[in-house]
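Fold and geometry: a report
Chain residues, written in single-letter form:
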Amino acid sequence: MIRYFTSGESHGPALSAIVEGLPAGIPVTPEEINAQLARRQQGHGRGGRMKIETDKAEVLSGVRFGKTIGSPVTLVIRNRDWENWTTTMAQFEKPDAAPAKITIPRPGHADLAGRIKYGFDDIRPVIERSSARETAARVASGTLARLFLRSLGIEIGSYISAIGPAAETALHPQLASLLEKGAETVSAEADRSPVRMLDRQAETAALAAIDAAKEQGDTLGGIIEIFITGVPPGFGSYVQHDRRLDAALAAAIISIQAIKGVEIGTAFENARKPGSQVHDEFHLTAKDGAERKTNRAGGLEGSMSSGQTIHLRAAMKPISSLVTPLQSFDLETLQPTLSRFERSDTCAVPAAGVVAEAVVAPVIANALLEKLGGDHLEEIRERLERYRESILNTFRG
Ligand SMILES: Cc1cc2nc3c(=O)[nH]c(=O)nc-3n(C[C@H](O)[C@H](O)[C@H](O)COP(=O)(O)O)c2cc1C
Ligand SMILES: C=C(O[C@@H]1CC(C(=O)O)=C[C@@H](OP(=O)(O)O)[C@H]1O)C(=O)O
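Read on for an overview of the structure. (Residues numbered from 1 in each chain as written. Chains lettered and ligands numbered in written order. Predicted model: local features only at pLDDT ≥ 70, side-chain atom pairs only at ≥ 80, totals over all residues. Heavy atoms only, no water.)

1. A few points about the environment of Glu 370
Along the chain, the position of Glu 370 falls in helix H11 (residues 349-372). A relative accessible area of 42% places Glu 370 in the partly exposed class. Note: C-alpha distance between Glu 370 and Pro 95 (275 residues apart in sequence) is 51 Å. (Helix = DSSP H or I, 4+ residues; strand = E, 2+ residues; numbered from the N terminus. Buried < 20%, exposed > 50% of the residue type's maximum accessible area, 1.4 Å probe, protein only.)

Given below as structure tokens:
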């Protein structure tokens, strides 16, 4: 069972993570972790911070000669911006000229509830840990699970189907052929676009929408499509709420800052149609067993993987730090005032797509470990091959 925790403030010295429960023998390279970190930094609409940082992970434990050894992996990502914050974020000494307290909460951010909950007289500590800077540590952690899955033929990918009003009108026609080659090809194709879109018309509209939002001091959200290929049927379970794979995947995605909705397959469209037009019919074939011509269930039935591509869709709200202020109030004076601006992204949907890929990896890896068990890669590979073979045998009669 893989568990991980992250730590670190946005403008502190570093982010870190401990990833526990990875099987031994998974090939790991710093290049792969850093490539995923670099992907997370991309995207038209990111703010000034991304010009300061070049995220790189140091691996302090759990890897020997390029492979995991079953012990916890410790990851550290230094914040380059720290050197500009040593006074404001000093761990021990309160500076003589203490930085001004932040007392005006931004609607939509963690500022107000966080300040009340933890009893601060300053919003700064809330900003520091609620910041999605933390997702760099999650991407580094998730990459380890992703490398495990990749070595077993399970791939994760994503692309962006909408940014604000700029949206593709239907799932991209190229998608099926990309997914056939594995979900990572979807990401490879998406990464060629500055907004990680597949549809060129939507891309042009999205770039213009982000520029217009920036010009107006506004922000944009959007929609992320996430795919997982190569998952055999029967991961997860219907027998207990906490073993339901659909629930675990949705929870992982909702845990990303600013993600407010998750759809499985075409769930919302399905809700408006009769069952005869929704459920993915079985067609028995000698080669593949129970084949389906549609995947409206998004690869999940009975809270288990169905053997089809897992397809999840996530809705990201617009960034809540606006240059053009919203109505707020001052917690010191209790007087109404306009919200203050905190340096910010205009749009971070492309980056959030990379984060979504990372956070679903440990969920799928755990469903695999729950089904098959095993402590090292070769043992698990053999078990998975046997399981895949047994599924095909079911249909050989
Ligand atoms: C990759 C990424 C980058 C983000 N960048 C910003 C940002 O620059 N400014 C901001 O106000 N919110 C940003 N957010 C969203 C906030 O972190 C988030 O809205 C806030 O923590 C409140 O949490 P909630 O929206 O989940 O309720 C970003 C989110 C992600 C995933
Ligand atoms: C630092 C990152 O994102 C940050 C997420 C974020 C927020 O409020 O979530 C606010 C901004 O922080 P800063 O004030 O330092 O510019 C973003 O840049 C990152 O993704 O690495």
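2. Considerations on the layout of surface pockets
Estimates place the volume of the largest pocket at around 1300 Å³. Arg 292, Asn 295, Gly 307, Gln 308 and Thr 309 are the residues nearest the centre of the largest pocket, which is lined by 35 residues in total. Mapped by element, the contributors of at least two residues to the lining of the largest pocket are helix H6 (175-180), strand E9 (222-229), strand E12 (289-291) and helix H12 (377-396). Per-class residue counts for the lining of the largest pocket are 13 nonpolar, 12 polar and 10 charged. Space inside the second largest pocket adds up to approximately 880 Å³. As for the second largest pocket, its lining consists of 40 residues, and the residues nearest its centre are His 109, Ser 131, Ala 132, Arg 133 and Asp 345. Within the residue set of the lining of the second largest pocket, elements represented by two or more residues are helix H2 (49-52), helix H4 (124-130), helix H5 (135-150) and H11. With 3 residues, H11 is the single largest residue contributor to the lining of the second largest pocket. By residue class, the composition of the lining of the second largest pocket is 15 nonpolar, 14 polar and 11 charged. (1 Å grid on protein atoms, 1.4 Å probe; cavity = no way out; pocket = protein on both sides within 12 Å on 5 of 7 lines; lining within 4 Å. Points joined across faces, edges and corners; volume = space filled by probe spheres on them. Nonpolar A, V, L, I, M, F, W, Y, C, P; charged D, E, K, R; others polar.)

3. A few points about the site of ligand 1
If you check the shell around ligand 1, you find 20 residues, and the closest are Ala 258, Lys 317, Ser 321, Ser 344 and Asp 345. The separation between an oxygen atom of ligand 1 and a polar side-chain atom of His 109 is 3.4 Å. Relative to its free-state accessible area of 630 Å², ligand 1 is covered by the protein chains to the extent of 87%. Spatially, ligand 1 is embedded in the second largest pocket. Considered class by class, the residues forming the shell around ligand 1 number 8 nonpolar, 7 polar and 5 charged. (Near = heavy atom within 4 Å. Polar contact = N/O pair within 3.5 Å; in protein donor to acceptor, adjacent residues only side chain to side chain. Areas by Shrake-Rupley, 256 points an atom, 1.4 Å probe, with all protein chains shown as cover. Sits in = over half its atoms within 2 Å of the grid points.)

4. A short note on the packing of aromatic side chains
Under the definition given, this model contains 2 aromatic pairs. Seen in terms of ring centroids, Tyr 159 and Phe 227 are 6.1 Å apart; in terms of plane orientation they differ by 10°. Their pairing is stacked. With Tyr 159 in strand E7 (residues 155-163) and Phe 227 in strand E9, the pair connects residues that are 68 residues apart, well separated along the chain. No difference in accessibility class separates Tyr 159 from Phe 227, as the two residues are buried. Here Lys 117 stacks its cationic end above the ring of Tyr 118, 5.4 Å away from the centre of that ring. When the ring centre of Tyr 387 is taken as origin, the NZ or CZ atom of Lys 371, which lies over that ring, is 4.4 Å away. (Phe/Tyr/Trp six-rings, centres within 6.5 Å; stacked < 30°, edge-to-face > 60°. Lys NZ or Arg CZ within 6 Å of the ring centre and 35° of its normal.)

5. Here we look at the site of ligand 2
Residues in close proximity to ligand 2 include Ser 10, His 11, Arg 40, Arg 46, Arg 49, Met 50, His 109, Ser 131, Ala 132, Arg 133, Arg 343 and Asp 345, which together make up its full environment. Measuring from an oxygen atom of ligand 2, one finds a side-chain N or O atom of His 109 at 2.8 Å. With respect to ligand 2, the backbone of Ala 132 contributes an N or O atom lying 2.6 Å from an oxygen atom. Against a free-state accessible area of 460 Å², the protein chains account for coverage of 91% of ligand 2. Its atoms largely coinciding with the cavity grid, ligand 2 occupies the second largest pocket. Counted by class, the shell around ligand 2 contains 2 nonpolar, 4 polar and 6 charged residues.

6. Comments concerning the sheet that holds strand E10 (residues 259-264)
Read across the sheet, 5 strands follow the order E8-E7-E9-E15-E10 without closing on themselves; strand pairing throughout is antiparallel. Each of the sheet's edge strands pairs with one partner strand only, and the pair in question is strand E8 (166-167) and E10. Across 8 bridges, the pairing between E7 and E9 is antiparallel. Opposite Ala 162, over in E9, you have Ile 223 as the bridge partner. Most of the contacts of helix H9 (residues 245-254) go to E10, to which it runs at about 150°, and overall it touches E9, E10 and strand E15 (310-316). (Pairing = 2+ DSSP bridges. Contact = heavy atoms within 4.5 Å. Axes fitted to C-alpha atoms, helices over the stretch in contact; angles between N-to-C directions.)

7. Details of the packing of helix H1 (residues 30-41) against H5
Packing of H1 against H5 brings their axes to within 9 Å, and their N-to-C directions diverge by 130°. By the angle between their axes, H1 is oblique relative to H5. As for how H1 packs across H5, the hand of that crossing is right-handed. Only Thr 135, Ala 136, Val 139, Ala 140, Thr 143, Leu 144, Arg 146, Leu 147 and Arg 150 of H5 make contact with H1, whose side of the interface consists of Glu 32, Ile 33, Gln 36, Leu 37, Arg 39 and Arg 40. When grouped by side-chain class, the residues that make up the contact of H1 with H5 number 7 nonpolar, 3 polar and 5 charged. (Parallel < 35°, antiparallel > 145°, perpendicular 65-115°, else oblique. Left-handed = near helix turned anticlockwise from the far one by under 90°.)

8. So, unusual backbone geometry
We note that Ala 258 has phi near 80°; this positive angle belongs to a residue other than glycine. By secondary structure assignment, the location of Ala 258 is in the loop between H9 and E10. Of note, Leu 334 is a non-glycine position whose phi angle comes to about 55°, a positive value. With respect to the helices, strands and loops of the structure, Leu 334 is situated in the loop between strand E16 (327-329) and strand E17 (336-338). Judged by its relative accessible area of 60%, Leu 334 is exposed.

That is the geometry; function is a separate question.
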